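Notes for the structure review
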Amino acid sequence: MSEGTDGERAWGLGACSGKRQVFSCVLRYLWYHSVRCPRGHAFRVVAQFGRALRSGRRGRRFKSCQPDHNRSGPGIARCRGLLHFRLRLHTDPFPYADGARRIPWDNGRDETDGSRHPSAAEPMEGGPMRVLVVNAGSSSLKSQLIETDGKMSLMKCLAEKVGTPDAYMNVSFAPDFHKTTYNVGGMSVQECLAKLLEVLVDDPESPISSLEQIDGVGNRIVAGGEYFSKAALIDDAAREDLAKCEELAPLHNPPADACIDMMRELMPEVPQVAVFDTAFHTTMPPKAYMYPLPMRYYDDYRIRRYGAHGTSHRYAAQQAANLLGRPLRDLGLITCHLGNGGSITAVNHGKSIDTTMGFTPLEGLMMGTRSGSIDPAILTYIMRREGISFDEMDRILNRESGVLGVSGLSADMRDVLAAADEGDEHAELAIDMYVYRIQKAIGGFYAAMPRTDAVVMTAGIGENSAELRERIFDGLAHMGMILDRERNHVIGQIGVNRIISIDDSPIKICVVTTDEEMRIARETDNLVSQRG
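Described below are features of the structure shown in this document. (Residues numbered from 1 in each chain as written. Predicted model: local features only at pLDDT ≥ 70, side-chain atom pairs only at ≥ 80, totals over all residues. Heavy atoms only, no water.)

**Here's the deal with the sheet that holds strand β9 (residues 332-338)**
- A sheet is described by the order of its strands in space; here six strands give the open sequence β11-β10-β9-β12-β14-β13, paired in mixed fashion. At either margin of the open sheet sits one strand with a lone partner, and together these are β11 (351-355) and β13 (498-499).
- As paired elements, strand β10 (residues 342-348) and β11 share four bridges and run antiparallel to each other. Bridge pairing links T345 to T355 in β11.
- With respect to the sheet, helix α16 (residues 466-474) is in contact with β9, β12 (454-458), β13 and β14 (508-511), its orientation differing from that of β12 by roughly 155 degrees. (Pairing = 2+ DSSP bridges. Helix = DSSP H or I, 4+ residues; strand = E, 2+ residues; numbered from the N terminus. Contact = heavy atoms within 4.5 Å. Axes fitted to C-alpha atoms, helices over the stretch in contact; angles between N-to-C directions.)

Shown next as structure tokens:
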């Protein structure tokens, strides 16, 4: 077999010249990640791809191939053709420093020793799959149509302020992702999803023209209780168990279940998968998940700590390990998912050992509209004084408290920060309380962990608010978490995983862009492939 031309050898193709050109998907991969990764990542991917061809470790059967030497691109040859194998390339912009082995798509394994996590689905089999990921919240809907083979998003959707007259929904399609905004004022989350499905079928830019072209639906479910310790295909029995979990996450589970029911009616032949926020936390020991209540309440009602945001915490931990260039199984991490909802998790050797959210997502940090942890006697005191019902008290704690309740302005931290800059005392108090409770949670887990190597910030506030990160870590420097203010405030780094602590900080501070939708797509692909 031919050893190949100089150009082919530069790509690591040596013995692969011949009948077909197979590199269009590589360029597609580089295009997709160019908006998320440092420029040098493209060249690292090319090098990894060349090594893969030589060693045969990546992908399945490589058809013979030849680059197009008559065209050029920024630093790499532009190639054409069709890829006839499942190319599995590492997607993280920062490679391991110690050469640790990577397992594509994670597949629930530690990426250095291959050990399985109990919440992991089985390895992916089969061909390319289009997965519709649905993340239904109490007042928002996030969705993506993802092609799992290339780990590429084909459609993105975000609906916000759902249930209010000002609700809107942005939908965009690859490759340009130019947003089209739809007025969904007064619609429920379920109705917004129905509108999105109409757009998917009717929009000329959409990659599909029929719902039958969707191979699977991955649903983010906040609470799975003790019924679900890993992702599950949704059949009638699973749907009954999902209904039992609604009271564990009253803001999130009911709208998610309503979306599942609607899609079961519209797409009865399309398999659906539930991916649970609570699954990652099934490794917590009893001393962390049990409450100091009479044991009969656990025996009769399974009252215990379940946690939430597990998909995000697990992803953030692995990305932080990649940033640090060390195996996840060797690290002690504190991961902070800070958005409108928020939670912090102690991750030891890649496993959750404790988390701030509890029996429901109401416990823990001060959040956008949730109180977080308070003295339980306050509830009965207010109920007696004001004569309000249990349901009314539940609504106050979940929908009228937190940042919104203290500031009296908004649950959106951007609005509250702006108001504080203008001298609003209640807004400043809300920020101080929010930051203080995060500091206490980080400090508590620092004490509980055998060792702490890094603190990881992720989700909307954790990723994007340099001001709040600075406030948080100004109070933690004495514990060895020393922020580099210049790195923290670098412009244009949003969406890039990075370290923002000083070089000799004993405990590193990392910022990781969460990608829950991609992980949900992976889990869905795994389970649907097994089913088929």
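**Digging into helix α11 (residues 390-399)**
- Listing the buried residues of α11 in full gives M393, L397 and N398. Buried positions in α11, seen along its axis, are confined to an arc of 120 degrees and lie on one side of it.
- Considering only its buried residues, α11 is in contact with α10 (376-386). (Buried < 20%, exposed > 50% of the residue type's maximum accessible area, 1.4 Å probe, protein only. Arc of directions from axis to C-beta.)

**Some remarks on the packing of helix α5 (residues 236-244) against helix α6 (residues 253-266)**
- In the contact formed by α5 and α6, the axes pass within 11 Å of each other and the chain directions differ by 155 degrees. The angle between α5 and α6 places the two elements in the roughly antiparallel class. The interaxial crossing formed by α5 with α6 has left-handed handedness. Listed contacts from α6 to D236, R239, L242 and A243 of α5 are D257, I260, D261 and R264.
- Residue classes in the contact of α5 with α6 are distributed as three nonpolar, no polar and five charged. (Parallel < 35°, antiparallel > 145°, perpendicular 65-115°, else oblique. Left-handed = near helix turned anticlockwise from the far one by under 90°. Nonpolar A, V, L, I, M, F, W, Y, C, P; charged D, E, K, R; others polar.)

**Brief notes about the side chain of T278**
- Counting through the fold element by element, T278 comes out in the loop between β8 (272-276) and α7 (286-289).
- By relative accessible area, which is 3% here, T278 ends up buried.
- For T278, the side chain forms a polar contact with the main-chain nitrogen of G224, separated by 3.0 Å. (Polar contact = N/O pair within 3.5 Å; in protein donor to acceptor, adjacent residues only side chain to side chain.)

**A closer look at the environment of N340**
- Relative to the helices and strands, N340 is located in the loop between β9 and β10.
- You can call N340 partly exposed: its relative accessible area is 48%.
- In this structure the C-alpha to C-alpha distance between N340 and I461, which are 121 residues apart in sequence, comes to 8.0 Å.
- Apart from residues no more than four positions distant in its own chain, N340 is found in contact with M367, G368, T369 and A411.

**Considerations on the pairing of strand β3 (residues 152-160)**
- Taken together, the seven bridges between strand β2 (residues 141-147) and β3 define a ladder with antiparallel strand orientation. In the sheet register, L141 faces β3, and the bridge partner there is A159.
- With six bridges connecting them, β3 and strand β4 (residues 168-173) associate as antiparallel partners. Bridge pairing in β4 links K156 to S172.

**Notes on the pairing of β9**
- With seven of its seven residues buried, β9 lies for the most part within the structure.
- Side chains of β9 alternate between two faces, with G332, I334, C336 and L338 and L333, T335 and H337 buried alike.
- By the bridge criterion, seven bridges tie β9 to β10 in an arrangement that is antiparallel. Note on β10: the bridge partner recorded for L338 is G342.

**Quick word on the nonpolar core**
- Grouped together as the largest cluster of nonpolar side chains are 52 residues, with contacts concentrated most on L132, M155, M169, V171, I214 and M263.
- At seven residues, helix α4 (residues 189-202) tops the list of elements feeding residues into this core.
- Look past the residues within four positions of I214 in its chain and what remains in contact with it is R130, L132, L145, I208, M267 and V270.
- Formed by 37 residues, the second largest nonpolar core is a distinct cluster that contains I431, F445, L476 and M481. (Core = buried A, V, L, I, M, F, W, Y, C linked by side-chain atoms within 4.5 Å.)

Distances and angles like these do not, on their own, reveal function.
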